[in-house]
Amino acid sequence: MEQSHKELVVQPQMMVAEEQEQEIDLLELAYHLLDHWKMIAAFFLVGTLLMGVFTKFFMDKQYEAVAKMYVLSSSDSVVNLSDLQLGSQLTSDYLEVFETHEVTNAVIKNLKLPYDYDQLQGMLSLSNTSGTRIINIKITSTDPEEAAAIANEFLDVASQYVADVMITDKPTVLSVALGPDKPVGPSTVKNAMLGAIL
């Protein structure tokens, strides 16, 4: 019993000693950082400047162009509830159309693009806002005019493909893509902050 009691006394003492050692190590680290704060600040500043300059002057600017397709299952002037419901279901199907080799390769051929299937798909981003039948066709490119041209060609080719293959009404062109004036990336500020951290 006495030995067991001694062990219980020794263990808390060891834990306290370990905690004190950790506190001392943290204090030593803090003092060490303070002693070298000028060097740390210099590295921080250099990293920020280098990454900022590299981003601004050496990285290719990225532009985004968006075309919009409106999905409706009826060409009649009067649209009933069943048409709207079916249109919502078709939206998911139409999203898959843009990923087919037939549509993508047709876009490449028509515009004589220097990309293969994977490269062009990597530039394409599709979205459908919840509760709508609108498909947003977004293309990201280093050339703003090319981005708009590809987005519009995807819109045209996919619309015709849907009408021909799925034997349904051709989707409506809600909005054509325009060449963007301003780039969307890369972000000089974000990359500069990343450079400071690294």
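Counting starts from 1 at the beginning of each chain's written sequence and moves along it residue by residue. This being a predicted model, a pLDDT of at least 70 is required before a residue's local features are given, and a value of 80 or more before pairs of side-chain atoms are given or counted; all residues contribute to the totals for chains, interfaces and linings. Side-chain measures here rest on the full set of heavy atoms in the structure, leaving out hydrogens and waters.

Thoughts on the side chain of S159
Thinking step 1. Turning to its location among the elements, S159 is positioned in helix α6 (residues 144-165).
Thinking step 2. When its relative accessible area of 2% is taken as the criterion, S159 is described as buried.
Thinking step 3. A distance of 2.7 Å separates a polar atom in the side chain of S159 from the backbone oxygen of L155.
Thinking step 4. S159 has contacts with M69, K170 and P171, leaving out every residue within four places of it along the chain. Only DSSP runs of H or I reaching four residues or more are called helices, and only runs of E reaching two or more are called strands; each is numbered from the N terminus. For every residue, the accessible area (1.4 Å probe, protein chains only) is compared with the maximum for its type, and the residue is labelled buried under 20%, exposed over 50%, or partly exposed between those bounds. In protein, a polar contact requires one atom able to donate a hydrogen and another able to accept it; more generally it is a pair of N or O atoms within 3.5 Å, and residues adjacent in sequence count only if both atoms are side-chain atoms. Between two residues, a contact is recorded if the distance between any of their heavy atoms is within 4.5 Å.

Some words on the confidence of the model for the protein chain
Atomic detail in the predicted coordinates should be set aside for any region of low pLDDT.
Thinking step 1. Of the residues in the protein chain, 60% reach a pLDDT of 70 or more, and the chain-wide mean stands at 77.
Thinking step 2. A low-confidence stretch, residues 5-10 (pLDDT under 50), is modelled with zero contacts involving residues beyond four sequence positions or located in other chains. Values of pLDDT, which run from 0 to 100, indicate the predictor's confidence residue by residue.

Focus: the sheet that holds strand β2 (residues 124-128)
Sheets are built from strands that pair by backbone hydrogen bonding, the pairs being arranged parallel or antiparallel.
Thinking step 1. Two strands make a pair as long as DSSP finds a minimum of two bridges between them. An order of β2-β3-β1-β4 is seen for the four strands of this open sheet, with the pairing classed as antiparallel. Only two strands of the sheet have a single partner each, and these edge strands are β2 and β4 (172-175). In this sheet, adjacent strand axes meet at a mean angle of 30° when their direction is disregarded.
Thinking step 2. The pairing of β2 with strand β3 (residues 134-141) spans five bridges and is antiparallel. Note that in β3 the partner of S127 across the bridge is N136.
Thinking step 3. Interaxial angle, 0 to 180 degrees, is taken between N-to-C directions of lines fitted to C-alpha atoms, where a helix line uses only the stretch in contact. Strands in contact with α6 are β1 (63-70), β2, β3 and β4; relative to β1, the strand with the most contacts, it is inclined by about 20°.

Details of unusual backbone geometry
Phi is mostly negative for residues that are not glycine, and the peptide bonds are mostly trans.
Thinking step 1. Even without a glycine there, the phi angle at K112 is positive, about 55°.
Thinking step 2. Within the secondary structure layout, K112 lies in the loop between α4 (101-111) and α5 (117-123).
Thinking step 3. Notably, I167 is not glycine yet its phi reads approximately 50°, a positive angle.
Thinking step 4. Among the structural elements, I167 can be located in the loop between α6 and β4.

Examining the nonpolar core
Soluble, globular proteins show a tendency: their nonpolar side chains are buried together.
Thinking step 1. Definition of nonpolar core: a set of buried residues of the types Ala, Val, Leu, Ile, Met, Phe, Trp, Tyr and Cys, connected through side-chain atoms within 4.5 Å. One finds M69, F98, L120, I137, I139, I150 and F154 to be the most contacted residues of the largest nonpolar core, which totals 28 residues.
Thinking step 2. Those elements that provide at least two residues to this core are β1, α3 (81-97), α4, α5, β3 and α6.
Thinking step 3. Here this core takes nine residues from α6, the largest share from any one element.
Thinking step 4. Leaving out residues up to four positions away in the same chain, I139 has contacts with Y63, E64, A65, M123, L124, A147, I150, A151 and F154.

Structural notes on α6
Thinking step 1. The span you would expect from a helix comes to 1.5 Å times its residue count less one. Taking 1.5 Å of rise per residue, 22 residues should cover 32 Å, and α6 covers 31 Å from first to last C-alpha, within 8% of that figure.
Thinking step 2. The backbone nitrogen of E145 has a side-chain oxygen 3.0 Å away, supplied by the residue at the start of α6, namely D143.
Thinking step 3. The positive-phi residue at the C-terminal boundary of α6 is I167, with phi of around 50°.

A short note on α4
Given 3.6 residues per turn, any residue in an α-helix points the same way as the ones three and four places further on.
Thinking step 1. Within α4, the full set of buried residues consists of V103, T104, V107 and I108. For α4, the arc enclosing every buried residue in end-on projection is 135°, short of the 170-degree limit, so these residues lie on one face.
Thinking step 2. Following α4 by one or two positions, K112 has its phi on the positive side, about 55°. The directions from the helix axis to the C-beta atoms are what the arc is built from.

Describing the packing of α4 against α6
Thinking step 1. At a minimum axis separation of 9 Å, α4 and α6 run at an interaxial angle of 130°. By the angle between their axes, α4 is oblique relative to α6. In the crossing of α4 with α6, the sense of the turn from one axis to the other is right-handed. Across the interface between the two elements, E102, V103, T104, A106, V107, N110 and L111 from α4 touch A149, I150, E153, F154, V157, A158 and Y161 from α6.
Thinking step 2. The nonpolar class holds Ala, Val, Leu, Ile, Met, Phe, Trp, Tyr, Cys and Pro. Asp, Glu, Lys and Arg form the charged class, and all remaining residues, Gly among them, are polar. For the contact of α4 with α6, the per-class residue count stands at ten nonpolar, two polar and two charged. Angular relationships are summarised with four words: roughly parallel below 35 degrees, roughly antiparallel beyond 145, roughly perpendicular across 65 to 115, and oblique for the angles in between. Two helices crossing with the near one rotated counterclockwise from the far one by less than a right angle form a left-handed crossing, whereas a clockwise rotation gives a right-handed crossing.

Comments concerning a nonpolar patch on the surface
Thinking step 1. Where nonpolar side chains cluster on the molecular surface, the patch consists of V173, V176 and L178 and spans about 280 Å² of accessible area.
Thinking step 2. Its place among the elements puts L178 in the loop between β4 and α7 (188-197). In this analysis, a patch consists of residues with relative accessible area above 30% that form no salt bridge, clustered at 9 Å for like charges and at 5 Å for the nonpolar side chains Val, Leu, Ile, Met, Phe, Trp and Tyr. Working definition of accessibility: Shrake-Rupley area with a 1.4 Å probe, residue cover restricted to the visible protein chains. A pair is scored as a salt bridge if a Lys or Arg side-chain nitrogen falls within 4 Å of a carboxyl oxygen belonging to Asp or Glu.

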